[in-house]
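Below, each chain spelled out in residue letters.
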Amino acid sequence: MKIVYLYPSLAIWGGIERILVEKMNYMIRQYGYEVYMITSDQGQHPIPYDIDERVHLIDLNIRFHSRYQYKRWRREIEYYKLSRIYHARLKNLLKEIQPDVLACTSSQHIRPLLNIKGIIPLIVESHINFSHPDTWIHRIQTYLNNYWIGKAEAVVTLTNGDAENWSRVSKHVHVIPNVVHLNNISQYSDCTAKRVLFVGRFEEQKSIGDLFAIWKLVHPQYPDWQLDLYGEGMLWNHYKEEADTLDINIKVHQPTRQIMDVYRSCSILVLTSVYEPFGLVLPESMSCGLPVVSFDSPYGPATIITDREEGFLIPNRDQRVFANRLGLLMNDLDLRQQMGMKAIISSQRFLADKIMPMWKELIEHLSSLS
């Protein structure tokens, strides 16, 4: 069985990047698949996660990012030229590889990809919610992208809520939760450290500004507690400077390969995303014994957290309720430990051994149709 993944680059500490690496490794090690990762912009960037040496890594050397050196209209012209090169190189490579199944996570090149692939079944993985455009241009682009995604042989979503939306454009929607890299040693947080943790990209989606506002509400009551943030992104410097200026015990850190050790050294995980297709850090941290507090943003957190069991699910954007529930946990060690124990058990739903058989079934079904 040959499966080809298409992705711009495996170059950042991101959730999608980690998930793709985990899935490719599993397919090789457990199912004996021949797996290819075709990128357009990898270049000399190292892959942050440990990837099996048997994954065929092929970079088409397109460098789509180079268009940003130009102003708007020239930028569009350059993108068109680079896209034509990308499609031509990809078409030739697919003819050479002859994969059984093709998978991608981006809507960017779907229309030409549908022509290039021939009879090869295409899976489009939805790692963002069905629609969240903020301008009329984005609405039009989203409509067109979703229309062409609907022509793929399969659309895979992470939650039932997102699947319901995608069913508007596709008759072949499947729900497969993310594979999560869980704590694999018998060491857990004892929830005694006075540390609250955020892990994620420093970008608008994560709404770190809301998290700072919430921390301002709880800090006066719990001045000996610390809020730690780990990640990278365009807004990292902005929030690092703000944290230093506020002087309310907020520490901003670069990402680390030892994130499991970080989870085990903290007592609560928080997530304030505006939208969250899944929320990979939730089950990761839960597997280390952390109770979690998250906004009920569409659609991931509600599929992972049962309110008042593994933590608290907060009515979306209600900062005061969030601060109240966070304060309850900060004030009660027994409650943190009880919820942390439930979190360990609940997180096991996302083990690769439970999720990957769903992928195997879908892939082998689609390959039998071509």
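The structure displayed is predicted, hence computed values, not measured ones. (Residues numbered from 1 in each chain as written. Predicted model: local features only at pLDDT ≥ 70, side-chain atom pairs only at ≥ 80, totals over all residues. Heavy atoms only, no water.)

Details of the sheet that holds strand β3 (residues 56-59)
Pairing is parallel in the open sheet, where seven strands are placed in the order β3-β2-β1-β4-β5-β6-β7. Looking along the sheet, the strands with just one partner apiece sit at the ends: β3 and β7 (173-175). Pairs of neighbouring strands in the sheet enclose a mean axial angle of 25°, with direction left out of account. Of the pairings in the sheet, the one linking strand β4 (residues 101-104) to strand β5 (residues 122-125) comprises three bridges and is parallel in character. By the bridge assignment, L102 is partnered in β5 with L122. In the packing of helix α1 (residues 15-31) onto the sheet, the strands contacted are β1 (2-7), β2 (34-39) and β5, and the crossing angle to β1 comes to about 170°. (Pairing = 2+ DSSP bridges. Helix = DSSP H or I, 4+ residues; strand = E, 2+ residues; numbered from the N terminus. Axes fitted to C-alpha atoms, helices over the stretch in contact; angles between N-to-C directions. Contact = heavy atoms within 4.5 Å.)

Side note on the pattern of salt bridges
What the rule picks out here adds up to 20 salt bridges. Its salt-bridge partner being E153, residue K117 comes within 3.1 Å of it at the nearest N-O pair. Placement of K117 in the loop between α3 (110-116) and β5 and of E153 in the loop between α4 (136-149) and β6 (154-157) is noted, with a sequence separation of 36 residues between them. Taking the relative accessible area as the measure of exposure, K117 reaches 7% and is therefore buried. Residue E153 is classed as partly exposed on the basis of its relative accessible area, which comes to 30%. Several salt bridges converge on common partners, so that one network encompasses R29, D52 and R54. (Salt bridge = Lys/Arg side-chain N within 4 Å of Asp/Glu carboxyl O. Buried < 20%, exposed > 50% of the residue type's maximum accessible area, 1.4 Å probe, protein only.)

Remarks on the packing of aromatic side chains
Tallying each qualifying case throughout the model produces 11 aromatic pairs. Consider the rings of F278 and F350, whose centres lie 5.5 Å apart with planes at 85°: the pair is edge-to-face. Within this pair, whereas F278 is found in the loop between β11 (268-271) and α9 (281-286), its partner F350 is found in the loop between α12 (333-347) and α13 (352-369), the two being separated by 72 residues in sequence. In terms of burial, F278 and F350 fall into one category: buried. Within the aromatic cluster, the residues linked to one another by ring pairs are F198, F202, F212 and Y239. Over the ring of W73 we find R72; its NZ or CZ atom is 5.0 Å from the centre of that ring. (Phe/Tyr/Trp six-rings, centres within 6.5 Å; stacked < 30°, edge-to-face > 60°. Lys NZ or Arg CZ within 6 Å of the ring centre and 35° of its normal.)

Description of unusual backbone geometry
Of the consecutive residues P298 and Y299, the connecting peptide bond is found in the cis state with omega at -10°. Checked against the element boundaries, Y299 lands in the loop between β12 (292-295) and α10 (300-304). In the Ramachandran plot, N61 falls in the positive-phi region, its phi being about 55° despite a non-glycine side chain. Here N61 shows up in the loop between β3 and α2 (72-97).

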